[in-house]
Amino acid sequence: MEVADGELVKIDRKVKKPATPDRKQHVYSQLLHICRKKGHKPGWTANQYKKMFGVWPRGLRDVTATPTPEIEGWLKSQRIAYLKGREKAQEGRSHV
């Protein structure tokens, strides 16, 4: 391990890549691939897209793309958050 003089700065891992039209299409295509592969209902893709970008998908091509680790990781984090929320809701009901 090397040590050097300098200033520590916080790195924000939540900084998102710019939402260019090409990036939006690529993400949409990856979500379509996952939706079809896992047999989700058609609205699943649009809902996941809206969670990510804050807008509904419009004017995008119906083509699939192999999911990247970034998208798979994001979906996993969404699933974990959903399950934790459900768990807390159930705990709240059992204490009443």
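First things first, this report covers the structure right here in the doc.

Reading the values: the criteria
Residues numbered from 1 in each chain as written. Predicted model: local features only at pLDDT ≥ 70, side-chain atom pairs only at ≥ 80, totals over all residues. Heavy atoms only, no water. Core = buried A, V, L, I, M, F, W, Y, C linked by side-chain atoms within 4.5 Å. Buried < 20%, exposed > 50% of the residue type's maximum accessible area, 1.4 Å probe, protein only. Helix = DSSP H or I, 4+ residues; strand = E, 2+ residues; numbered from the N terminus. Salt bridge = Lys/Arg side-chain N within 4 Å of Asp/Glu carboxyl O. Axes fitted to C-alpha atoms, helices over the stretch in contact; angles between N-to-C directions. Parallel < 35°, antiparallel > 145°, perpendicular 65-115°, else oblique. Left-handed = near helix turned anticlockwise from the far one by under 90°. Contact = heavy atoms within 4.5 Å. Nonpolar A, V, L, I, M, F, W, Y, C, P; charged D, E, K, R; others polar. Expected span 1.5 Å × (residues − 1). Phe/Tyr/Trp six-rings, centres within 6.5 Å; stacked < 30°, edge-to-face > 60°. Lys NZ or Arg CZ within 6 Å of the ring centre and 35° of its normal.

A closer look at the nonpolar core
- One finds Val 27, Leu 31, Trp 44, Met 52, Ile 71 and Leu 75 to be the most contacted residues of the largest nonpolar core, which totals 13 residues.
- Of all the secondary-structure elements, those providing two or more residues to this core are helix H1 (21-38), helix H2 (43-53) and helix H3 (69-94).
- Of all the elements, H1 adds the most residues to this core, at 6 residues.

Things to note about the pattern of salt bridges
- One pass over the full model with this rule turns up 2 salt bridges.
- Salt-bridge contacts for Arg 36 lead to Asp 62; the nearest nitrogen and oxygen are separated by 2.5 Å. A residue pair is termed long-range when its members are at least 10 positions apart, and Arg 36 in helix H1 and Asp 62 in the loop between H2 and H3 qualify at 26 residues.
- Judged by its relative accessible area of 55%, Asp 62 is exposed.

Let's talk about the packing of H1 against H2
- In the contact formed by H1 and H2, the axes pass within 9 Å of each other and the chain directions differ by 140°. Here H1 lies oblique to H2, going by the angle between them. The element H1 and its partner H2 pack so that their crossing is right-handed. Facing Lys 24, Val 27, Tyr 28, Leu 31, Leu 32, Ile 34 and Cys 35 of H1, the residues of H2 in contact are Trp 44, Thr 45, Gln 48, Tyr 49, Met 52 and Phe 53.
- Its residues assigned to classes, the contact of H1 with H2 shows 10 nonpolar, 2 polar and 1 charged.

Focus: H1
- Between the first and last C-alpha of H1 there are 26 Å, a value that for 18 residues agrees with the 26 Å anticipated at 1.5 Å per step.
- Inspection of H1 places Arg 23, Gln 25, Val 27, Tyr 28, Ser 29, Gln 30, Leu 31, Leu 32, Ile 34 and Cys 35 among the buried residues, and these make up the whole buried set.
- As for H1, its buried residues are in contact with H2 and H3.
- Positive phi appears at Gly 39, one or two residues downstream of H1, with a value of about 75°.

Things to note about the packing of aromatic side chains
- Per the stated rule, a full pass over the model turns up 2 aromatic pairs.
- Judged by centre distance (6.0 Å) and plane angle (85°), the rings of Tyr 28 and Tyr 49 are edge-to-face. In this pair, Tyr 28 is assigned in helix H1 and Tyr 49 in helix H2, connecting sequence segments 21 residues apart. No difference in accessibility class separates Tyr 28 from Tyr 49, as the two residues are buried.
- The interplanar angle of 50° and the centroid separation of 4.8 Å between the aromatic rings of Tyr 49 and Phe 53 together place this pair among those described as tilted. Placement of the pair is Tyr 49 and Phe 53 together in helix H2, with a separation of 4 residues, close to one helical turn.
- Joined through ring pairs, the aromatic side chains of Tyr 28, Tyr 49 and Phe 53 make up one cluster.
- Sitting over the face of the ring of Phe 53, Lys 24 holds its NZ or CZ atom 5.7 Å from the ring centroid.

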